[in-house]
Amino acid sequence: MLELKQIYKTFNRGTVNEKRAIDGLNLTLEEGDFVTVIGGNGAGKSTILNLIAGVFPVDAGSIRLNGTDVTNLPEHKRAKYLGRVFQDPMMGTAATMGIEENLALAYRRGKSRGLRKGISNDERKLYKEKLSILGLGLEDRMTSKVGLLSGGQRQALTLLMATLQKPDLLLLDEHTAALDPKTTDKVLQITENIVARDHLTTLMVTHNMKNAIQYGNRLIMMDAGRVVVDIRGEEKKNLTVRDLLDKFHLESDRMLLSE
Amino acid sequence: MEFLSALLSALPGAVAQGLIWGLMAIGVYITYKVLDLADLTVDGTMATGGAVCIVLMTNGVNVWVALACAFLAGMLAGFVTGVLHTFMGIPAILAGILTQLALYSINLRIMDSKANMAINPNNFDLLVSLRNVRAVTLENPIFVAAVFTIVVIALLYWFFGTALGCSIRATGANPNMSRAQGINVNRNKVLGLMISNGLVALASALYCQYQGFADVQAGRGAIVIGLAAVIIGEVLFSRIFHNFALKLLSVALGAVIYYVVIQIVLTAGLNTNDLKLITAVVVAIFLALPYWKSKYFRGKMKVPAGKEVTPHA
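Residues numbered from 1 in each chain as written. Chains lettered and ligands numbered in written order. Predicted model: local features only at pLDDT ≥ 70, side-chain atom pairs only at ≥ 80, totals over all residues. Heavy atoms only, no water.

*Asks:* What exactly am I supposed to notice about the nonpolar core here?
*Replies:* A general trend in soluble globular proteins is that nonpolar side chains are found buried together. Trp21(B), Met24(B), Met46(B), Phe148(B), Leu156(B), Phe160(B) and Leu206(B) are the most contacted members of the largest nonpolar core, which totals 80 residues. If you tally residues by element for this core, the top one is helix 1 (residues 2-34) of chain B, at 13 residues. In this view, Trp21(B) contacts Met46(B), Tyr207(B), Ala218(B), Ala222(B), Ile225(B), Ala255(B) and Tyr259(B); residues no more than four positions away in its chain are not counted. Membership of the second largest hydrophobic core comes to 37 residues, among which are Leu103(A), Met142(A), Val146(A) and Leu164(A). (Core = buried A, V, L, I, M, F, W, Y, C linked by side-chain atoms within 4.5 Å. Buried < 20%, exposed > 50% of the residue type's maximum accessible area, 1.4 Å probe, protein only. Helix = DSSP H or I, 4+ residues; strand = E, 2+ residues; numbered from the N terminus. Contact = heavy atoms within 4.5 Å.)

*Asks:* What's the story with helix 2 (residues 42-58) of chain B in this structure? I'm lost.
*Replies:* Structural remark: α-helix, 3.6 residues per turn; residues separated by three or four positions point the same way. Residue and element names in this part refer to chain B. Taking 1.5 Å as the rise per residue, helix 2 with 17 residues should run 24 Å; its terminal C-alpha atoms sit 24 Å apart, in good agreement. Among the 17 residues that make up helix 2, 15 are buried, leaving the element largely enclosed by the rest of the structure. Downstream of helix 2 by a residue or two, Gly 60 has a phi angle that is positive, lying close to 90 degrees. (Expected span 1.5 Å × (residues − 1).)

*Asks:* Mind showing me how you'd approach the pairing of strand 8 (residues 202-205) of chain A here?
*Replies:* Residue and element names in this part refer to chain A. Where burial is concerned, the two faces of strand 8 agree: the one with Thr 202 and Met 204 and the one with Leu 203 and Val 205 are both buried. In this sheet, strand 8 lies alongside strand 3 (residues 34-39) in parallel orientation, the contact comprising four bridges. Residue pairing in the sheet places Thr 36 in a bridge with Met 204 of strand 8. Two strands pair when backbone bridges link them, and strand 7 (residues 169-173) and strand 8 are joined in this way by four bridges, in the parallel orientation. Along strand 8, the bridge assignment pairs Asp 173 with Val 205. With helix 6 (residues 181-198) bridging strand 7 and the parallel strand 8, this β-α-β connection has right-handed handedness. (Pairing = 2+ DSSP bridges. Right-handed = clockwise from strand over helix to strand, strands pointing away.)

*Asks:* What am I meant to see in the pattern of salt bridges here?
*Replies:* Once the charged atoms of two side chains with opposite charge are near each other, the side chains can pair. Residue and element names in this part refer to chain A. Tallying each qualifying case throughout the model produces 16 salt bridges over all chains. Among the ionic pairs, Asp 23 bridges to Arg 226, the shortest N-O distance being 3.3 Å. Of this pair, Asp 23 sits in strand 2 (residues 19-29) while Arg 226 sits in strand 10 (residues 226-232), and the two are 203 residues apart along the sequence. Note on Asp 23: relative accessible area 16%, which makes it buried. Across the pair Asp 198 and Arg 197 runs a salt bridge, and its minimum N-O distance is 3.1 Å. (Salt bridge = Lys/Arg side-chain N within 4 Å of Asp/Glu carboxyl O.)

*Asks:* Would you mind going over the sheet that holds strand 9 (residues 218-223) of chain A with me for this structure?
*Replies:* Across a sheet, paired strands are connected by hydrogen bonds in the backbone, their directions being either parallel or antiparallel. All names here are of chain A. Pairing is mixed in the open sheet, where six strands are placed in the order 6-7-8-3-9-10. Among the strands making up the open sheet, the edge pair consists of strand 6 (82-85) and strand 10. Put simply, the sheet's adjacent strands are angled 20 degrees from each other on average, direction ignored. Strand contacts of helix 5 (residues 151-164): strand 6 and strand 7, with the helix running at about 175 degrees to strand 6, the strand carrying the most contacts. (Axes fitted to C-alpha atoms, helices over the stretch in contact; angles between N-to-C directions.)

*Asks:* I'm lost on the interface of chain A and chain B in this one. Help?
*Replies:* Often, the extent of an interface is quoted as the loss of accessible area on bringing the components together. The partner chain B presents 20 residues to the 25 residues of chain A that form the contact. Roughly 1900 Å² of surface becomes buried between chain A and chain B when both sides are summed, with 61% attributable to carbon and sulfur atoms. Among the residues of chain A in contact with chain B, His76(A), Arg113(A) and Leu115(A) are the three that bury the most area, contributing 31% of the side total. Viewed at the interface, chain B and chain A are joined by two salt bridges. Inspection of the region where chain A meets chain B yields ten residue pairs in polar contact (both at pLDDT 80 or more). Where the side of chain A that touches chain B is concerned, the elements lending two or more residues are helix 2 (75-78) and helix 3 (99-107) of chain A. No other element matches helix 3 of chain A, which puts four residues into the side of chain A that touches chain B. Its residues assigned to classes, the side of chain A that touches chain B comprises ten nonpolar, seven polar and eight charged. (Buried area = accessible area lost by both parts, 1.4 Å probe. Polar contact = N/O pair within 3.5 Å; in protein donor to acceptor, adjacent residues only side chain to side chain. Nonpolar A, V, L, I, M, F, W, Y, C, P; charged D, E, K, R; others polar.)

See below:
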């Protein structure tokens, strides 16, 4: 499904701020995997998502999606395969455009945008239906500007936009980090429902160990630009925050010693 | 009384001029408001369109063909700025300034090294002309310019409602989101700049016919007038006009209001040489208005009865 091979990425090369963000990372995702990604600040979690999405190029290594080599594809061309939700609720939607307009933009992801109508009446029905599933009452505010929505509503909408055309891979970059606990639960619930319903292969970065354990069938921990822990199946199901913290400390101690 | 009659007789000219510049301002609106780019190319294209149109017409080309060529010339200028900005990574403002500078030489080449070129309304079939400004016929430039405005607004309203047009609006609203949704942001910026400068060149072609001459200096300060129209329109009409077509209309009206205000100031006895200074002052004030409003004139919040907050002693 997703195949990352020997990925390297260094920021600010040749300056005092030089930072090796990704250091020879290898990762393979199977079809239908829901992988949660944890790790400390600067571990490279967001960087790897951005590299997959093509926000910036890799220094070395290859990225394959569904057998297609996308390593050198520009961001907007890779979008065909990817659904993305960002940490900042402002980033995933166009605030000055209406809810239905945003959905219409997402509905055409991976398709050509010509001189046909930007939004048809049939589509409106579809959007209304999809919005009502979110249970946020957005289906009655289809023409409202997205800028009027709360952070949680915007994240839920972005999630819907990311999955309106079924993506080969869903990338969630700490998409609940800016939300309050109650809204976080709601958005994660919606996430799980959509992922399960559409059998989406998903990569979810989170800072919350509890969430990382609760959701998904596989958990990876990153440190210093590599995958240091990879837990799946039964072991993942029985995992506790305590286990995870132990592993986390073990790994960071090991890293410290090796340096 | 004398002031009023002088103003009244000058008013039709101001309205016609305002409507033609309104088309130019709609072009500025596309870059400044829709794409969120400050494009200074227009100071060059506002001369290019007229130069192309007048040169072609004096060489016997049909006026509509000449207008179309002016439009294409403007699009080409926009394309150059777009490529400088996207492909070569030059900040939009600088890219516009570079094209504008280059256009000065190109405009002189188009006009065969003459700083200005006249076109005689007696010998040529002009669409708009200053001398018909008080005529009650279909040839009145106010009528013709109004028709152009309506057609342009209708076309743009349609275009920005298409899938492609929506993606251009999204590009301006949120480039990150646009890329994530598979929109080629760079291509859209180039496209927007082309449409914008095409419109400006079209306005320029009409304006040169209206005045009866093309001038290599015609575009100096054009961006400021265009911005003035955009901002005046927004400040005055944003509360009542929400639809995209009406927003474009408010830009056209903004240009008319700008020229009427300028006419009032001139009739009141100010020197034409002071015009640029007045323009700058008018634009600065209208730019500051929304800021002042939010900072100094916030609506007082009404505290519900029984919930008054008493300051701690």
